[in-house]
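Notes for the structure review
Listed here are the chains, written in short residue letters.
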Amino acid sequence: MATQKQPGFLSSASSDTKRYVRELKNKVYNFTEMEQMVREATCNDTTPPPQALMREIAKGTFTVEFPSIMAIIFKRIKEKTNENHPYKCLVLLQYILKEGNSDMVVKHINKHMMHIEALEHFTLYDERKNDVGEKVRNKAKDFIKFLKEDPAEMPPDVSVTRRSGDSLPEEPDPAAPEPN
């Protein structure tokens, strides 16, 4: 049975409503401008995250906004009721890994790898019992493969660690005595 698409005006109205609700939440929860950008890039519509928006978020990974960027990404990556949140989070993570503060992003990914690996088994069914989680599973597998096996795409300063699949070494404790 073929799935019927909504007429354009209904789809547009639904998209406008979602955008309005997102803007309202941004004001109610007092999200920073960078947090709003991450929410917009990982919203639950079907369009891919805009390149310009991802570029701005990647720049933000070099600022004090880094923790809030990653917090929203990993909150949405765990979303189980919509396939677009985790999918777009993986797209955004891959982008900021290439274009942003790759050292910090890799460290954060290593801390939360279990959430990314869980997406390899992501399941979600629509009202017609169709599996809509396949694109998330495929993207998760591609992302994990990218992390472990694609040295040509990785920033040179983190490629060895990621290629081997090992975790990054812990940052040295500044209070610890110097080794002899």
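Quick note: structure is the one above.
The following paragraphs examine the structure supplied in this document.

About the criteria used
Residues numbered from 1 in each chain as written. Predicted model: local features only at pLDDT ≥ 70, side-chain atom pairs only at ≥ 80, totals over all residues. Heavy atoms only, no water. Helix = DSSP H or I, 4+ residues; strand = E, 2+ residues; numbered from the N terminus. Buried < 20%, exposed > 50% of the residue type's maximum accessible area, 1.4 Å probe, protein only. Contact = heavy atoms within 4.5 Å. Areas by Shrake-Rupley, 256 points an atom, 1.4 Å probe, with all protein chains shown as cover. Phe/Tyr/Trp six-rings, centres within 6.5 Å; stacked < 30°, edge-to-face > 60°. Lys NZ or Arg CZ within 6 Å of the ring centre and 35° of its normal. Core = buried A, V, L, I, M, F, W, Y, C linked by side-chain atoms within 4.5 Å. Axes fitted to C-alpha atoms, helices over the stretch in contact; angles between N-to-C directions. Parallel < 35°, antiparallel > 145°, perpendicular 65-115°, else oblique. Left-handed = near helix turned anticlockwise from the far one by under 90°. Nonpolar A, V, L, I, M, F, W, Y, C, P; charged D, E, K, R; others polar. Patch = residues over 30% accessible without salt bridge, like charges linked within 9 Å, V, L, I, M, F, W, Y side chains within 5 Å. Salt bridge = Lys/Arg side-chain N within 4 Å of Asp/Glu carboxyl O.

Along its length, the protein chain carries nine helices and zero strands. Along the chain direction, N to C, the helices and strands of the protein chain fall in the order α-α-α-α-α-α-α-α-α. Looking at the protein chain as a whole, 39% of its 180 residues are labelled buried. Partitioning the intrachain contacts of the protein chain with sequence separation of at least 6 by distance along the chain shows that 61% fall at a separation of at least 24. Of the roughly 11,400 Å² of accessible surface on the protein chain, 52% is carried by carbon and sulfur atoms.

With that settled, consider the packing of aromatic side chains. Within the structure shown, the criterion is met by one aromatic pair. Cation over ring: Lys135 sits above Tyr87, and NZ or CZ is 4.9 Å from the ring centre.

Judged by nonpolar contacts, the single largest core of 37 residues is most densely connected at Ile57, Met70, Ile73, Leu93, Ile96, Ile109 and Ile116. Leave out the neighbours within four places in its chain, and Ile57 touches Met34, Met37, Val38, Ala41, Ile69, Leu92 and Ile96.

Moving on to the packing of helix H4 (residues 66-77) against helix H6 (residues 102-111). Closest axis-to-axis distance for the H4/H6 pair is 11 Å, and the angle between their directions is 40 degrees. When the interaxial angle is binned, H4 and H6 end up oblique. Of the two elements, H4 crosses H6, and the hand of that crossing is right-handed. Contacts from Phe66, Met70 and Phe74 in H4 reach Met104, Val105, His108 and Ile109 in H6. Within the contact of H4 with H6, the residues separate by chemical class into six nonpolar, one polar and no charged.

Turning our eyes to something else, we now look at a nonpolar patch on the surface. On the surface, Tyr20, Val21 and Leu24 cluster together to form a nonpolar patch covering roughly 290 Å² of accessible area. Residue position: Tyr20 is located in helix H1 (residues 8-28). Classification of Tyr20 by relative accessible area gives exposed; the value is 52%.

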